[in-house]
Amino acid sequence: MNRGGLANSRGALYEEFFAVFRVIDALFALKHGQGRQLAQQCEGTRVDDFVEKYGGHRHHFQLKRKLRVRWSEVHDDFVTELGHGSRVTLVVPSRDQRRALLAAKRRVQGAEVLVFPAASTPNEACAASEVRTALDAVSVKTTPHHADRLALWNAIRLAWENSRKPGQFVSCRLVLSRFVDQEDILGPLPLRMPWTPSKRWHRARRLLQQIPSFSFRIEDGQFVYDDRAGTSGTLSCRTRAFRAFVDRVVKSRPTTPQALVDLL
Amino acid sequence: VIRLDEVGRRFTTHASAEVKRDLSTLARRSVSSTDYRAAFERLGAALGGVARAMIPAGASVAVVTTPEDADFLTKGLVEALDGRRIYLACYWATRVDDAASIHKRYLDPVMPASVDAVVIVKSIIASGCIVQAHLEEFLLRTHPRQVLITAPVILEGADARLRRAFPTALSRRFEFLSFAVDSKTTNNLVKPGIGGLVEKRLGLKPRFSPTLVGSWRKKRAGASPSFRGAELRP
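Residues numbered from 1 in each chain as written. Chains lettered and ligands numbered in written order. Predicted model: local features only at pLDDT ≥ 70, side-chain atom pairs only at ≥ 80, totals over all residues. Heavy atoms only, no water.

(A) Main features of the sheet that holds strand E10 (residues 180-182) of chain B. Residue and element names in this part refer to chain B. Here four strands make up an open sheet; going across it, the order is E1-E10-E8-E6 and the pairing mixed. With partners counted over all chains shown, the strands left at the sheet margins are strand E1 (9-11) and strand E6 (124-125), one partner each. Note that strand E8 (residues 153-155) and E10 share three bridges and pair parallel. Looking across to E10, one finds that isoleucine 154 is bridged to valine 181. (Pairing = 2+ DSSP bridges. Helix = DSSP H or I, 4+ residues; strand = E, 2+ residues; numbered from the N terminus.)

(B) Seen up close, the sheet that holds strand E1 (residues 37-40) of chain A. All names here are of chain A. The six strands lie next to each other as E5-E4-E3-E2-E1-E6, forming an open sheet whose pairing is mixed. The sheet is open, and its two borders are formed by strand E5 (112-115) and strand E6 (170-171), each paired with just one other strand. Note: strand E3 (residues 57-63) against strand E4 (residues 87-92), five bridges, orientation parallel. By the bridge assignment for E4, phenylalanine 61 is matched with threonine 89.

(C) Helix H3 (residues 67-80) of chain B, seen in detail. Residues and elements named next belong to chain B. Between its first and last C-alpha, H3 extends 19 Å over 14 residues, near the 20 Å set by a 1.5 Å rise per residue. If you look at H3, its biggest bend is around 50 degrees, right at leucine 73. Within H3, twelve of the 14 residues are buried, leaving the element largely enclosed by the surrounding structure. Of all the residues in H3, the buried ones are Pro67, Glu68, Asp69, Ala70, Asp71, Phe72, Leu73, Thr74, Gly76, Leu77, Val78 and Ala80. (Expected span 1.5 Å × (residues − 1). Bend = angle between axes of the 7 residues up to and from the residue. Buried < 20%, exposed > 50% of the residue type's maximum accessible area, 1.4 Å probe, protein only.)

(D) Looking closely at the packing of H3(B) against helix H8 (residues 211-219) of chain B. All names here are of chain B. Between H3 and H8, the least distance of the axes is 8 Å, while the angle of their chain directions is 55 degrees. By the criterion of interaxial angle, the relationship of H3 to H8 is oblique. From H3, Ala70, Asp71, Thr74, Lys75 and Val78 reach across to H8, where they touch Thr211, Leu212 and Trp216. In terms of residue class, the contact of H3 with H8 is made up of four nonpolar, two polar and two charged. (Axes fitted to C-alpha atoms, helices over the stretch in contact; angles between N-to-C directions. Parallel < 35°, antiparallel > 145°, perpendicular 65-115°, else oblique. Contact = heavy atoms within 4.5 Å. Nonpolar A, V, L, I, M, F, W, Y, C, P; charged D, E, K, R; others polar.)

(E) How the structure looks around unusual backbone geometry. Cis geometry marks the peptide bond from Lys191(B) to Pro192(B); its omega dihedral reads -5 degrees. When you line up the elements, Pro192(B) lands in the loop between strand E12 (189-191) and helix H7 (198-202). Unusually for a residue other than glycine, Ser213(A) sits at a positive phi of about 65 degrees. Note on placement: Ser213(A) falls in the loop between helix H8 (199-209) and strand E7 (215-219). Although it is not a glycine, Arg228(A) sits at a positive phi angle of roughly 60 degrees. In this fold, Arg228(A) is placed in the loop between strand E8 (222-226) and strand E9 (231-236). You can call Arg228(A) partly exposed: its relative accessible area is 49%.

(F) Representation of the pattern of salt bridges. All names here are of chain B. Enumeration over the complete set of coordinates arrives at 32 salt bridges over all chains. Ionic pairing is found between glutamate 41 and lysine 75, a salt bridge with its closest N-O pair at 3.0 Å. Of this pair, glutamate 41 sits in helix H2 (residues 33-54) while lysine 75 sits in helix H3; the two residues are 34 residues apart in sequence, bridging distant segments of the chain. Close ionic contact of aspartate 116 with arginine 145 constitutes a salt bridge, the shortest N to O distance being 3.3 Å. With aspartate 116 in the loop between strand E4 (99-107) and strand E5 (117-121) and arginine 145 in the loop between helix H4 (129-139) and strand E7 (146-150), this residue pair connects regions lying 29 residues apart in the sequence. Aspartate 116 gets classed as partly exposed once you look at its relative accessible area, which sits at 21%. (Salt bridge = Lys/Arg side-chain N within 4 Å of Asp/Glu carboxyl O.)

(G) Seen up close, the environment of Phe72(B). Residues and elements named next belong to chain B. By the secondary structure assignment, phenylalanine 72 is in helix H3. Sequence separation of phenylalanine 72 and arginine 37 is 35 residues, and the distance between their C-alpha atoms is 6.0 Å. If sequence neighbours within four positions are ignored, phenylalanine 72 has contacts with Arg37, Phe40, Glu41, Leu202 and Leu204.

(H) Molecular detail of the state of the cysteines. All names here are of chain A. Applying the stated rule across the entire model yields zero disulfides over all chains. No disulfide involves cysteine 172; its sulfur sits 16 Å from that of cysteine 42, the nearest cysteine. The exposure class assigned to cysteine 172 is buried, which follows from its relative accessible area of 0%. (Disulfide = S-S within 2.5 Å.)

(I) Molecular detail of the interface of chain A and chain B. Listed per partner, the contact involves 43 residues of chain A and 32 residues of chain B. A buried area of about 3000 Å², summed over both sides, lies between chain A and chain B, and 46% of it is on carbon and sulfur atoms. For the chain A face of the interface with chain B, the top three residues by lost area are Lys141(A), Thr142(A) and His145(A), together amounting to 18%. Counting across the chain A and chain B interface gives one salt bridge. (Buried area = accessible area lost by both parts, 1.4 Å probe.)

Read these as layout, nothing more, since geometry by itself doesn't imply function.
This is how it looks when you write it as structure tokens:
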């Protein structure tokens with residue numbers, strides 16, 4: 001019984017971490033204009049561990065976190081979903097398993113096999129190359145540190161936990177909005193995301209452009225600044241903190257880098 | 001009176017009677033923010049006194065701090081390190097669970113690309129996530145011979161966790177300097193630790209700007225930056 005309990009909890013963690021991994025991928029897709037609907041343990045489907053809907057397509061994922069996986073375990077369910085025109089992927093923890101499954105004689109034709117490493121902590125998950133690559137693709141920093149990746153992972157995981165509905169689809173935009181709610185409480189995080197500038201921002205921008213030695217740009221929804229006197233940083237344009245900064249700039253009309261840095 | 005020996009605290013050999021008194025001041029809830037700040041400044045000076053004996057005179061030293069520690073603990077430490085060429089770095093971080101991401105930095109514009117020693121200053125090291133973010137941000141771009149990680153109080157095992165987070169070639173240069181090692185936590189807070197959340201106890205307002213950074217900026221006015229932080233996408 002204990003062994004079953006441990007296996008169950010490991011399996012649940014594997015599903016949990018995989019969901020976060022797919023949410024990161026969905027955020028990357030959202031950045032490029034594709035909004036996805038996401039569901040964990042999706043109702044009304046036979047391959048239900050994780051399902052994504054976008055542009056009339058469905059992508060189903062079945063997770064198997066164990067040493068030996070056979071196609072026969074998923075054959076009927078996969079064939080049914082493939083018959084509905086869906087994309088179906090079997091997720092396993094190692095490359096060797098993937099190789100063996102792809103070479104198997106009784107492989108389900110049309111099904112894909114994906115490797116997602118088994119990790120027991122977010123720290124381990126973020127160290128895995130698959131997760132690292134996904135996180136770096138959504139990070140504003142060109143060379144994010146492990147701490148940056150871990151913070152982003154934790155924040156995305158929290159946003160997913162606060163937006164998902166058991167068995168139901170939720171929009172990736174909702175997850176993003178929960179992410180921004182967290183940024184408002186915790187502080188800015190280096191997530192790349194498009195942003196539509198407001199009229200007030202255009203007014204603030206004109207004022208900022210007149211401050212000598214202060215450089216800034218908007219990049220993937222982040223206000224990136226440098227006063228060329230040692231202070232630099234980023235502020236997420238999605239957050240209340242940025243809107244408050246814009247208001248402060250418009251109101252106090254700073255003319256020196258020092259006056260501006262005090263407003264940040 | 002808090003009987004520190006009953007709450008799983010060990011003092012290091014650096015802890016003098018004055019230091020123990022100041023640690024006790026931090027742990028007491030009834031202490032005013034003025035006294036709390038003063039205790040931190042004295043503890044910073046005491047840490048600086050120990051660090052001073054470890055860093056040769058004339059060495060170039062980067063002092064890396066958080067904004068909340070800057071005006072008290074770090075100020076005391078910087079003053080005690082006279083005779084060394086001090087450069088200041090201050091990092092603002094967003095913390096999510098046990099991870100932190102830096103979003104704003106002040107880097108001394110005249111800091112050379114390579115310094116002899118780095119002193120990381122933190123009021124308390126528990127999960128070590130802020131220190132880890134500071135080290136990643138700072139150390140992976142420069143190669144100091146000495147890396148001193150200082151905090152008046154450290155949670156037992158935090159030093160080992162931090163070492164594990166870095167390659168051995170780097171972590172073998174870490175030297176931890178503290179006055180007390182605590183072993184108990186309640187609701188993610190070290191007990192007795194520093195008596196709660198440092199920003200709250202110091203009475204800092206949201207979006208405060210450290211005076212130490214402001215005065216450093218004035219001191220370095222006109223200098224052009226020689227050392228950059230994390231680059232962003234072009």
